[in-house]
Each structure stands twice: as C-alpha cells, then as structure tokens.
Amino acid sequence: MRHRHLSTLTLALGIAVLLDVLRVWLPSVITLFGRAAETPAELLGAFALGWFLLALAAPALVRRTGAAPVGLVAAVVLAAARLALTAQPGGPAQLWLACAGLLAGLVWLAATAASVPRPVAGLALGMAGNAVGHALLGTEDLVWRGGVLAWSLSALLVPAFLAASVAVRRERADTSAAGPSPTGAGHGTTGRRIRVPGRRAWLLCGPALLLAGQVALAPALWSAAAGTGSPAFPGLARPGSGALPGALAVLLFLAAALFRAPARVARVLWPLALLAGSVLFVTGHLVPAYLLTAAGLGGCLALTDTTGDGPAAADDAAGPGDDGRAGARRGRAAALGMLVFAVATVAYYAAYDLGYPNGWAPVATAVLVALVAATAPLRATPASSGAAAPGPVLPTTVRVTVRVTVLAGLTALAALGAALHVPPAQARATAAPAAVRVAAYNIRMGFGLDGRLDLDALARELRGADIVLLSEVDRGWWLNGGHDTLALLARRLEMPYVFAPAADPVWGDAVLSRFPARSGQTRRLTAHGAPTGAQALGVTLDLGGRELAVVATHLQPPPGRDPVEQAREVAAFAGRYAAGRPLVLGGDLNTEPADPAFAEFTRAGLVDALAPARPLRTSPADDPRTQIDHVFVSPGLTATEVRAPRTEASDHLPVTLTVTLP
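Residues numbered from 1 in each chain as written. Predicted model: local features only at pLDDT ≥ 70, side-chain atom pairs only at ≥ 80, totals over all residues. Heavy atoms only, no water.

**Topic: the overall build of the protein chain**
Argument step 1. The helix and strand inventory of the protein chain stands at 22 helices and 14 strands.
Argument step 2. Going through the 662 residues of the protein chain one by one, you find that 59% of them count as buried.
Argument step 3. Sequence-distant contacts in the protein chain: of pairs separated by 6 or more residues, those separated by 24 or more amount to 78%. (Helix = DSSP H or I, 4+ residues; strand = E, 2+ residues; numbered from the N terminus. Buried < 20%, exposed > 50% of the residue type's maximum accessible area, 1.4 Å probe, protein only. Contact = heavy atoms within 4.5 Å.)

In structure tokens:
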C-alpha cells in the first residue's frame, strides 16, 4: 500500500476511536465533574480546557522524541482507554479513563500531524465513518451498550487502528533507511525548497469535529429533524422521514471533501453553504441546516488540501517521516484546532449556567472554518508541486473508483442506519379507559448519577405508564455525546412521542403516549432572567372518543428566585389549551408546594395530584430533600397510587400516579 493511503486509513480509524472517547468524555465532564450545573461553570470550564492546554506541549515532545514513537505510544493509550470504557465503569473511573483517552488522542493527533501533510481524506473518512457507525447503532454507541455486540465490534475497530499504526511506523522506518526522497527538501525544478501542505487542514481538525458532531454529521439530528412535525402539529414524530436526508448529508460531505469543485467557485460556494447551515441550525431549521453544513464543511476541508499554506510554507520540508519544523508547525496547528474545539464546546454549554446566547458558538466556529478555507492557496498539481510521497502512484481511474466506492458504501450504510431506527407509529384509537397511568420524569438527558447513559434503567421506571411527561430531553446535544435519547427511550417503551425544543433545537420536553395524539401546540416561555430556555408543550390525546389535554413543561428559575412568572404563563397556557377538556399538567417545575410559583397553578383552578402522598421528595435522587417535580390535574380527575420510586437512573426521581377520568 502506498504510504499516503496507509496514513489516510490510520488517520481515519484513529479519528473514529477518538470520537468514541469524546462521546464519553463530554457528558462525563458535565454529569460527573460538573454534576449537571452543581459545579461552578468557571471551574468546569477550567477543568475541560486544561486537558487541551496540556496537549499544546505535545508538538515539542514530538520534535524532541520523534513522531513515530510518540504517536505509537499515544495510539496504544488511546486504544486501551477506548476498550476500558466499553466495560462501562461509570463514576470517577469513567471520568478519568475518558480524560486519559482524550489526552492520548490529542498527543496522537499532534504526532500524526508531524508526518501527515495531507490529512483531509483521512479526517473526512474518519468523521463520516464514525457518523455512519453512530447511525447504525441508533446513536447509542458501543461504549454505552456493553455486552457481546459492544466487545465484538470494539475488538475489530481498536486492533485495526493499532495494526495500521504499527504498519505506518514500519513503512516510515523502511523509507528512512532507504535514504532521503529525491523530491525532498531543497530539491525540485525551481531550486527552491518544496512547499508542503498541512497546517491549515490540521488547524481545521478541531472546528470540523465540532461542526460535524453538532450539526453536519449528527445522526441524532436526522432523527430529531424527522420529528419537527408541522406548524399545525409541532413535534410529532413521523416514521421513515429521516433516512434519505441523513444519507444525503453523508454523500454531500464526502463528495465535497474528496472531489474538488473548480477553485474559484469553491472559494465562494463552500464557505457560504457552511455559514448558512450554522445559522439555520441555531434558528431550528434542522434539515437544511445539516445538509448545507455537511456540504460546506466537506468543501472547506477540500480547499485546505493544498501543496502550500502561504509564504511561510516554504520552510516546511517535504518527505516521509518529516518531524522537523514542518511537522512541529502542523502539530501546533492540530493542537490549536482542538483547543478551538474545546473553547467553543465549553462556551456553548456555559451559556446554560451564565445566561448568554450561545447560538454564536457554532456560527463563530463556522466563520473561522470559512475564513481559513477561503484564504487557502490554490492547490498545485502533483507534477508541479514535487511533493508526492514515494512509492507507486495509483492511476487516476483507480483512485476515482476507490473514492466513489467508499462514498457510495458509506452513503448506503448511513441510509440503512437512519431507516432501521424509526419512531414508533401512532397508536390506534381504542375503547375509552376508565383510568390512565401517568409518569413525569426529569431524565437528565439519559445519564444516571454514575455518569453512564443507561436508557434501560429509565425504561424500567416508566414501563407500564400510558402517558409519560419528560423533562431535560436530549435529541442530539453534542455536549452529551450526540444521542437521540428520546427516540432510544421511545423504542424501548414502544410509545410514539411529541417533542418541543426549549433551550436549543435539540433539548427540551416531550410527551409519550399509548393513545393517538390528535393535535399539539407549544409556547416558548419568557426567560425572566433564567439562563436556560423553557417552553410549555400541549398535546391532545384521543382516549377512545374522549379527549385529554396534556401539558409538559420544565420551569427554569432565575438565579436565587422562584419561577413565578413562568408558572403563571404555563398555567394560563394550559387553561387556554385545555378549553374545558380534562387536563393533566406536569414536569420538573423547580418549585416546592409552599412557594409562590406553586400557588400559581392552584390559583388557576388546578388540583395538586400528588397531595395525598406529600411529602414526596424527588431531588436529588440519591438523597431526596426537595419536592420540585409535580403533576396537576383539572377538577373532576382523581389521582391515586401516587409514588416516587427510588432510582439513580437520573438526578431526579420519577413520579407516577393513576388518574381516574370523570
């Protein structure tokens, strides 16, 4: 295998492994170190950024010790951490294993950058391949699944990455022993030192990983976009509507990255597409957002795949195994790019503690990528560059055939992954029941107190309910690993759902029901100084010819205050929406029975359905001290069998009750 193609394969496999570790590290920082907003945002941010700042020393280590030994040791540590996380340790062990894997992955990137001047193909294939695998697994990664499937597939991916890493090192050692390349530094037809590419592409590695995981190549976003419903019925999941756009996103990304458009057109087209996609994501237009972002991101990466990075690139020596000044510069670029990834990620999450608009984070990241790509020098032809790697060059027709085959295969697998995981179909109307079982649960994005994504534990607490009201529902938050928690939970419960965004397009509240949903409405609540957005979701259920109005919400109190204003808004919305029909309202209301916000619901004529079981403390789950999760019903409905079962599947306890209809 030609050296460059082996390096591309190794880089792609390594990126896939690193992304697996990141999907554990990101939520572990939030749920374990940050304890979901209990740790000050400044301390959480410092902890997260510290690992990326530490990795800035990696290029110096690589230059002093050599790219090959540093890269191989880092690859072994990264692989070991990835396998150890498959054991689902949870708790502090999970956090520190993920941190070790992350740091090893960052060092591995710097070492790889020192000797790979053309990383675009490897980066693109690694990101696309990981996204396709994520889709085929229904967005529930191997590290959270456990069991035979997780260990079997991990035992294929991780050894393949290590074997490729060893093969690359051997090949570079053989090439170095054979002597310098005739096209090495200081040679060429013009007598000038050869310019080699790399720094711009490596600088975009971190921002590209962020935009791919959050928007462009996020299978959870494909699923969430399929459930946006219509203006008349927002949030209703529609089976089978996400497969084609999801596959198209992978196709557009790889086609733009691997097949270059005319340079003058590409310099305008791809940056504009990327910027438009990031803006559409922030405004909640998910399908055009990820399609445009995918095409724009792939095209911008292709623009940086040049034979020189500007005037300073003349100092970059070409040749295999180069880990001198050129390698050090590429390594620094890779480390700085990952620092951009960390800063943008922390800035996006910190907004939910500090209260500033966070939509600028992905947009600013897209602006950076667009600027770096649009100002990249035009790519010279291989014949004029003199920077080709040694070894036989594959014929153009073979290279094109390989790329088309890879593109078609990954696109088909992406379509299969999206098509295999569809939301449950709406139930058919049945005879009117005399009573319904209701559950309200703040699921903390699916993560238990041990920091593990354990949707089976959540499903066990909700199984048997006819109507489920969920708070803190995550439908693809990159900060939580990019899982569609709602779709995964709905499939376990075999219940269709209606979703309403609150804090951003993929984080909010949901209603799941065994009864047909006939209509729905959502109302965004005024912040009133609260750092996180909130909404009220109304859904009308058909109970065998009788209608029941259900309202799900999650109030967000301003710092140090009771959410009185939001409670008043929700109570008024619920009254209008119910319009005289029987009503059930519930969720994490962040207020206790004696507080003014709680009184807003009773003042509106609603009945505290949990009153017979008070005190019914629901938070925190391991030591319940506060009663902040509530269910209200309209007069005439009777609540019995009220419980708050003890579980640590979330940081709240669920509340369950039987509601008898009049």
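Continuing now.
**Some remarks on the packing of aromatic side chains**
Argument step 1. The tally for this structure, following the rule as stated, stands at 16 aromatic pairs.
Argument step 2. Ring centres 4.0 Å apart and planes at 10 degrees place the aromatic pair Phe33 and Phe47 in the stacked group. Here Phe33 is found in helix H1 (residues 3-33), whereas its partner Phe47 is found in helix H2 (residues 41-54), with 14 residues between them in sequence.
Argument step 3. A relative accessible area of 14% places Phe47 in the buried class.
Argument step 4. On the numbers, 5.7 Å between centres and 80 degrees between planes, the contact of Trp144 with Phe447 is edge-to-face. (Phe/Tyr/Trp six-rings, centres within 6.5 Å; stacked < 30°, edge-to-face > 60°.)

**Observations concerning the nonpolar core**
Argument step 1. One finds Trp25, Phe52, Met127, Trp202, Phe253, Leu470 and Leu512 to be the most contacted residues of the largest nonpolar core, which totals 150 residues.
Argument step 2. Here this core gets 14 residues from one element, more than from any other, and that element is H1.
Argument step 3. Contacts of Met127, omitting those with residues within four sequence positions, involve Ile15, Leu19, Ala208, Leu209, Ala212, Leu217, Phe253 and Leu301.
Argument step 4. In terms of nonpolar packing, the next biggest core, distinct from the first, is built from 32 residues, Phe515, Val539, Val633 and Val642 among them. (Core = buried A, V, L, I, M, F, W, Y, C linked by side-chain atoms within 4.5 Å.)

**A short note on helix H14 (residues 286-303)**
Argument step 1. With 18 residues, H14 extends 25 Å from end C-alpha to end C-alpha; this agrees with the ideal 26 Å at 1.5 Å per step.
Argument step 2. Across the 18 residues of H14, 15 count as buried, placing the element largely inside the fold. (Expected span 1.5 Å × (residues − 1).)

**So, the sheet that holds strand E8 (residues 535-543)**
Argument step 1. A sheet is described by the order of its strands in space; here six strands give the open sequence E7-E8-E9-E10-E12-E11, paired in mixed fashion. Strands with a single pairing partner mark the edges of an open sheet, and in this sheet they are strand E7 (517-524) and strand E11 (607-608).
Argument step 2. Contacting E7, E8, strand E9 (546-554) and strand E10 (583-588), helix H21 (residues 564-578) crosses the sheet at an angle of about 150 degrees to E7. (Pairing = 2+ DSSP bridges. Axes fitted to C-alpha atoms, helices over the stretch in contact; angles between N-to-C directions.)

**Observations concerning the packing of helix H5 (residues 91-115) against helix H15 (residues 325-354)**
How two helices pack is summed up by the angle between their axes together with the distance between the axes.
Argument step 1. Their axes nearest at 7 Å, the elements H5 and H15 cross at an angle of 145 degrees. Taken as a pair, H5 and H15 cross one another with a handedness that is right-handed. In contact with Leu106, Leu109, Ala110, Ala113, Ala114 and Ser115 of H5, H15 contributes Gly327, Arg330, Gly331, Ala334 and Met338.
Argument step 2. Split by residue class, the contact of H5 with H15 holds seven nonpolar, three polar and one charged. (Left-handed = near helix turned anticlockwise from the far one by under 90°. Nonpolar A, V, L, I, M, F, W, Y, C, P; charged D, E, K, R; others polar.)

**Focus on H5**
Argument step 1. Helix length check: H5 (25 residues) gives 37 Å between terminal C-alpha atoms against 36 Å at 1.5 Å per residue, within 8%.
Argument step 2. Of all 25 residues in H5, 19 are buried; the element is thus mostly enclosed.

**Details of the sheet that holds strand E4 (residues 467-474)**
Argument step 1. Taken together, the six strands give an open sheet; going across it, the order is E5-E6-E4-E3-E14-E13, and neighbouring strands pair in mixed fashion. Two strands in the sheet have a free side with no partner beyond their single neighbour: strand E5 (497-504) and strand E13 (638-643). The mean inter-strand angle of the sheet, taken between neighbouring strand axes irrespective of direction, is 20 degrees.
Argument step 2. In this sheet, strand E14 (residues 655-660) lies alongside strand E3 (residues 435-442) in antiparallel orientation, the contact comprising six bridges. The residue of E14 that forms the bridge with Val438 is Leu657.
Argument step 3. Along the sheet, helix H19 (residues 455-462) contacts E3 and E4; its crossing angle with E3, the most-contacted strand, is approximately 145 degrees.
Argument step 4. Each of E4, E5 and strand E6 (507-513) is contacted by helix H20 (residues 485-493), which is oriented at about 150 degrees to E4, the strand it contacts most.

**Topic: unusual backbone geometry**
Argument step 1. Cis rather than trans, the peptide bond between Arg614 and Pro615 has omega equal to 0 degrees.
Argument step 2. Relative to the elements of secondary structure, Pro615 occurs in the loop between E11 and strand E12 (629-633).
Argument step 3. Across the junction of Ser619 and Pro620, the peptide omega takes the value -10 degrees, indicating a cis bond.
Argument step 4. The residue Pro620 is located in the loop between E11 and E12 in this model.
Argument step 5. Even without being glycine, Asn590 reaches a positive phi, approximately 50 degrees.
Argument step 6. Summarising the element assignment, Asn590 is placed in the loop between E10 and helix H22 (596-603).

**Overview of a nonpolar patch on the surface**
Argument step 1. There is a patch of nonpolar side chains on the surface, built from Leu136, Leu413, Leu416 and Leu420 and spanning about 320 Å² of accessible area.
Argument step 2. With three residues, the single largest contributor to the nonpolar patch is helix H18 (residues 396-420).
Argument step 3. Tracing the backbone shows Leu413 in helix H18.
Argument step 4. Using a relative accessible area of 37% as the deciding quantity, one classes Leu413 as partly exposed. (Patch = residues over 30% accessible without salt bridge, like charges linked within 9 Å, V, L, I, M, F, W, Y side chains within 5 Å. Areas by Shrake-Rupley, 256 points an atom, 1.4 Å probe, with all protein chains shown as cover. Salt bridge = Lys/Arg side-chain N within 4 Å of Asp/Glu carboxyl O.)

**Re the pairing of E14**
Argument step 1. Of all six residues in E14, five are buried; the element is thus mostly enclosed.
Argument step 2. Here E13 pairs with E14 via four bridges, running antiparallel. Within the sheet, the bridge partner assigned to Ala639 lies in E14 and is Val659.

**Description of the side chain of Arg118**
Argument step 1. Positionally, Arg118 belongs in the loop between H5 and helix H6 (120-136).
Argument step 2. Residue Arg118 is classed as buried on the basis of its relative accessible area of 16%.
Argument step 3. A polar contact is formed between the side chain of Arg118 and the side chain of Asp305, at a distance of 2.5 Å. (Polar contact = N/O pair within 3.5 Å; in protein donor to acceptor, adjacent residues only side chain to side chain.)

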